[in-house]
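What the coordinates show
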Amino acid sequence: MYGIINRAIEDLIVENYGRTTWDEIKMKSNVEVDLYLSNEPYDDDDTYKLAITASEVLKIPLGDVLFAFGEYWVLKTGKEKYGYLMDAGGANLKEFLVNLPNFHNRIMLLFPKLMPPEFKISDQKEDSLNVHYYSTRQGLATFVIGLLSGLSKMYSVETKIELIESRDNGHDHEVYKVSW
């Protein structure tokens, strides 16, 4: 993953728990990179180690860490660093989600070595749709729920987000029903 991901995890922890807690997480994770450059790719294992160690140090479930990071990614990192891309996604939540399959095409212009997930949209209705999430990375289902929740907050829309299919249950990808 690109360094911007790990820098955002650091920002989330420091902002909510303080620098001392981040330093403890960093030390206990055995991640040896001192400073992540936003536009450089790093080993995915670093990201997983940081999230798992954050869960242990903070004494909260890993799913809660991933969910919080998903929301933070949209509301802080995405809006502050890539606001123009986020704004181009759509005028409302439904538009953004419908345009989501094309979103990473724009991101890849900034991060050419990116290995992004793939999103597809199905079952569009006036008050809901399904978001299909395909990724080579395992264990990020709750992170995506956090992303979807962050988007809901960004557009000030109350939503219900349900994981209706999962790789954990034998499917080849995750499917989320987003209702508003």
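The following paragraphs examine the structure supplied in this document. Keep in mind that what you see is a predicted model, and the values were worked out from it rather than measured.

A closer look at helix α1 (residues 3-17)
Taking 1.5 Å of rise per residue, the 15 residues of α1 would be expected to cover 21 Å, and the 21 Å separating its terminal C-alpha atoms lies within 8% of that figure. All buried positions along α1 are accounted for by G3, I4, I5, N6, A8, I9, E10, L12 and I13. Contacts made by the buried residues of α1 are with α2 (19-29), α3 (44-58) and α4 (62-88). Taken from the residues just after α1, G18 is the one with a positive phi, measuring 100 degrees.

Describing the sheet that holds strand β4 (residues 174-179)
Pairing is antiparallel across the open sheet formed by four strands, whose spatial order is β1-β2-β4-β3. In this open sheet, the two edge strands, each paired with only one partner strand, are β1 (118-125) and β3 (160-165). The average angle at which neighbouring strand axes cross in this sheet is 25 degrees, direction not considered. Here strand β2 (residues 128-134) runs beside β4; their pairing, made up of six bridges, is antiparallel. Residue pairing for β4: V131 is matched across the bridge by Y176.

What to know about helix α6 (residues 141-154)
The α-helix winds at 3.6 residues per turn, so residues separated by three or four positions along the chain end up facing the same way. Compared with the 20 Å implied by 1.5 Å per residue over 14 residues, the 20 Å span of α6 between its first and last C-alpha is a close match. Across the 14 residues that make up α6, a large majority, twelve, are buried. The complete set of buried residues in α6 reads A141, F143, V144, I145, G146, L147, L148, S149, G150, L151, S152 and M154. Once α6 finishes, S156 follows within two positions and takes phi at roughly 55 degrees, a positive value.

Some thoughts on the side chain of S179
Structurally, the position occupied by S179 is in strand β4. Given a relative accessible area of 18%, S179 falls into the buried group. In contact with S179, other than residues within four places in its own chain, are D127, S128, E158, T159 and K160.

How each quantity is defined
Residues numbered from 1 in each chain as written. Predicted model: local features only at pLDDT ≥ 70, side-chain atom pairs only at ≥ 80, totals over all residues. Heavy atoms only, no water. Helix = DSSP H or I, 4+ residues; strand = E, 2+ residues; numbered from the N terminus. Expected span 1.5 Å × (residues − 1). Buried < 20%, exposed > 50% of the residue type's maximum accessible area, 1.4 Å probe, protein only. Contact = heavy atoms within 4.5 Å. Pairing = 2+ DSSP bridges. Axes fitted to C-alpha atoms, helices over the stretch in contact; angles between N-to-C directions.

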